[in-house]
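# Per-entry structural report
Here's the letter readout for the chains.
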Amino acid sequence: MLDGKTIAFLVAPEGVEQVELTEPWKAVRQAGGTPKLVSTKQGQIQAFNHLDKGDRFAVDATVEDADPASYDGLVLPGGVANPDYLRMDPRAVRFARAFFDLGKPVAAICHAPWTLIEADVVRGRTITSWPSLRTDLRNAGATWADQEVVICTSGPNTLVSSRKPDDLKAFCQAATDAFGA
């Protein structure tokens, strides 16, 4: 279903929640797609299992070198530190925003919508997240929903969102469906 499609996974050099990276990555691969790890620095990123260091993963491209037009979709994994770092990097924010400008599907889980708030792309959209982002998303003009997965098509692209690692099965299915559409 994703044959010939390449999906960008945007993460900071440190702080991504490992399971929110690895499970969607595996789902993209199992659907026949090619996942690519994009970060703000070359080399490797350090994933975390909540507050404990997890595995390291090789970066395929930096946000400076990656062209959003060459990808078919974007996954924004969570973790508290990961999107907080990304939203402070204008290059990462521009990279994420470009997928909305190009009308390409985006999937964000847990704390990842912080990057989307900074990119000013949630206004008028319905989205879910880790509950602590509810007020931030409402203040940015979004409608927040406490659901396992939210698929919003009322904008320039399809936006898939989920709250937490427990929602990964539904998140991965909705994301691969959106990328394959």
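Reading the values: rules and limits
Residues numbered from 1 in each chain as written. Predicted model: local features only at pLDDT ≥ 70, side-chain atom pairs only at ≥ 80, totals over all residues. Heavy atoms only, no water. Disulfide = S-S within 2.5 Å. Buried < 20%, exposed > 50% of the residue type's maximum accessible area, 1.4 Å probe, protein only. Helix = DSSP H or I, 4+ residues; strand = E, 2+ residues; numbered from the N terminus. Phe/Tyr/Trp six-rings, centres within 6.5 Å; stacked < 30°, edge-to-face > 60°. Lys NZ or Arg CZ within 6 Å of the ring centre and 35° of its normal. Pairing = 2+ DSSP bridges. Contact = heavy atoms within 4.5 Å. Axes fitted to C-alpha atoms, helices over the stretch in contact; angles between N-to-C directions.

## Considering the state of the cysteines
Here the structure, examined in full by the defined rule, presents 0 disulfides. Among the cysteines around Cys110, which has no disulfide bond, Cys172 carries the closest sulfur, lying 13 Å off. For Cys172, a relative accessible area of 10% puts it in the buried group.

## Concerning unusual backbone geometry
For Cys110, which is not glycine, the phi dihedral falls at a positive 65°. Inspection of the secondary structure puts Cys110 in the loop between β8 (106-109) and α4 (113-118). A relative accessible area of 6% places Cys110 in the buried class. Non-glycine residue Asp120 carries a positive phi angle of around 60°. Positionally, Asp120 belongs in the loop between α4 and β9 (126-127).

## Notes on the packing of aromatic side chains
As enumerated under the stated definition, the model contains 4 aromatic pairs in all. Relative to Phe95, the ring of Tyr71 lies with its centre 6.2 Å away and its plane at 75°, an arrangement referred to as edge-to-face. Of this pair, Tyr71 sits in the loop between β6 (61-62) and β7 (73-76) while Phe95 is found in helix α3 (residues 90-101), placing the two residues 24 residues apart along the sequence. Among the residues examined, Tyr71 registers a relative accessible area of 7% and is labelled buried. A residue is classified by how much of its surface remains accessible, and Phe95, at 3% relative accessible area, is buried. Relative to Phe99, the ring of Tyr71 has its centre 6.5 Å away and its plane inclined at 40°; by these criteria the two rings are tilted. In this pair, Tyr71 sits in the loop between β6 and β7 while Phe99 sits in helix α3, placing the two residues 28 residues apart along the sequence. The exposure class assigned to Phe99 is buried, which follows from its relative accessible area of 0%. Through successive ring pairs, a cluster of aromatic residues spans Tyr71, Phe95 and Phe99. Taking NZ or CZ as reference, Arg134 lies 5.3 Å from the ring centre of Trp144, over its face.

## A short note on the sheet that holds strand β1 (residues 6-10)
Reading across from one edge, β6-β3-β1-β7-β8-β12-β11 is the order of the 7 strands in this open sheet, with mixed pairing throughout. Taken across any chain shown, the strands that pair with only one partner, and hence form the sheet edges, are β6 and β11 (149-152). Here strand β3 (residues 34-39) runs beside β6; their pairing, made up of 2 bridges, is parallel. The residue bridging Ser39 from the neighbouring strand is Thr62, located in β6. Against the sheet, helix α1 (residues 18-30) makes contact with β1, β3, β7 and β8, and its axis sits at roughly 145° relative to β3, the strand it touches most.

## Some words on the pairing of strand β4 (residues 44-49)
Direction of pairing for strand β2 (residues 14-17) relative to β4: parallel, over a ladder of 3 bridges. By the bridge assignment, Val16 is partnered in β4 with Ala47. With 5 bridges joining them, β4 and strand β5 (residues 52-58) adopt antiparallel strand pairing. Within β5, the position partnered with Gln46 by the bridge is Arg56. A loop of 2 residues connects β4 with β5, the two strands running antiparallel in sequence, and His50 in this loop sits at a positive phi of about 60°.

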